[in-house]
Amino acid sequence: MSITYEYSREYDPAAPVVEIGLSKSGTLQANLQVNESGDTGADASMLPIDLLQSAGGRYVEQHRMRGVTGQTMKVHLYLVAVHVSGETIHGIRAVAMPKGSESIIGRDVLNQLGLRLNGPALELTID
């Protein structure tokens, strides 16, 4: 079963956004549904701390992350399951971002899905 999402025009240029569910890793049902940007250039998924905690995410460790500017910073990782397009991806170590931050779904999740980006049609399809 394929699901197609329209790109969000809140970005310039428009960007792919996908509806995901979050839960405690090992759980088969999502307990939190959110719309998030898919970023094929991001190694890891980054989610606001309040979403991670509401989903039942478990703190794993402090880690160092290098941002797009090349600077490193300390971040906290939380273990969650991501539910997208009928698939459940367990063991995602999401970077906790400040409350209210923009969420990004990175290649740690996207590489486990069949994705088709159709830029001219402004659509993302998950197979």
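I will try to describe carefully the structure that is included in this document. Remember, predicted model here, so these are calculated numbers, not experimental data.

Here the focus is the overall build of the chain. The helix and strand tally for the chain stands at two helices and 10 strands. Start at the N end of the chain and walk to the C end: the helices and strands fall as β-β-β-β-α-β-β-β-β-α-β-β. Over its C-alpha atoms, taken along the principal directions, the chain stretches across nearly 40 × 35 × 25 Å. Scored against the burial criterion, the 127 residues of the chain give a buried share of 42%. Pairs at least 24 apart in sequence give 56% of the contacts found in the chain among residues at least 6 apart. The averaged location of the 14 negative side-chain charges in the chain is 12 Å from the averaged location of its 10 positive side-chain charges.

In this section: the sheet that holds strand S10 (residues 123-126). The three strands are arranged S1-S10-S9 in an open sheet whose pairing can be described as antiparallel. A single partner strand is all that each edge strand has here, and the edge strands are strand S1 (3-6) and strand S9 (115-118). In this sheet, neighbouring strand axes are inclined to one another by 20 degrees on average, regardless of whether the strands run parallel or antiparallel. As paired strands, S9 and S10 are joined by four bridges and run antiparallel to one another. Counted as the bridge partner of Leu 117 is Leu 124 from S10.

Further remarks concern the nonpolar core. In terms of nonpolar packing, the biggest core is built from 25 residues, with Ile 20 and Leu 22 touching the most fellow members. For this core, the secondary-structure elements that each account for two or more residues are strand S2 (17-24), strand S3 (32-38), helix H1 (49-54), strand S6 (72-84), strand S7 (87-97), helix H2 (107-110) and S10. With residues up to four places along the chain from it excluded, the contact list for Ile 20 reads Leu 32, Gln 33, Val 34, Glu 36, Val 82, His 83, Val 84 and Ile 105. Within the second largest apolar cluster, eight residues are counted, among which are Met 65, Val 75, Val 95 and Met 97.

This part takes up the pairing of S6. Of the strand pairs in this sheet, S2 and S6 are connected by four bridges, and their pairing is antiparallel. Each bridged residue has a counterpart across the sheet, and for Lys 24 the counterpart in S6 is Val 80. Here strand S5 (residues 58-66) pairs with S6 via eight bridges, running antiparallel. Counted as the bridge partner of Tyr 59 is Tyr 78 from S6. Taking the residues between adjacent antiparallel strands as the criterion, S5 and S6 are bridged by five residues, where Gly 70 takes a positive phi near 95 degrees. As paired elements, S6 and S7 share seven bridges and run antiparallel to each other. Along S7, the bridge assignment pairs Val 80 with Ile 92. Remark: two residues form the turn of the hairpin made by S6 and S7, two consecutive strands paired antiparallel; Ser 85 in that turn has positive phi of roughly 50 degrees.

Rules used in this analysis
Residues numbered from 1 in each chain as written. Predicted model: local features only at pLDDT ≥ 70, side-chain atom pairs only at ≥ 80, totals over all residues. Heavy atoms only, no water. Helix = DSSP H or I, 4+ residues; strand = E, 2+ residues; numbered from the N terminus. Buried < 20%, exposed > 50% of the residue type's maximum accessible area, 1.4 Å probe, protein only. Contact = heavy atoms within 4.5 Å. Lys, Arg positive; Asp, Glu negative; His and termini not counted. Charge placed at Lys NZ, Arg CZ, Asp CG, Glu CD. Pairing = 2+ DSSP bridges. Axes fitted to C-alpha atoms, helices over the stretch in contact; angles between N-to-C directions. Core = buried A, V, L, I, M, F, W, Y, C linked by side-chain atoms within 4.5 Å.

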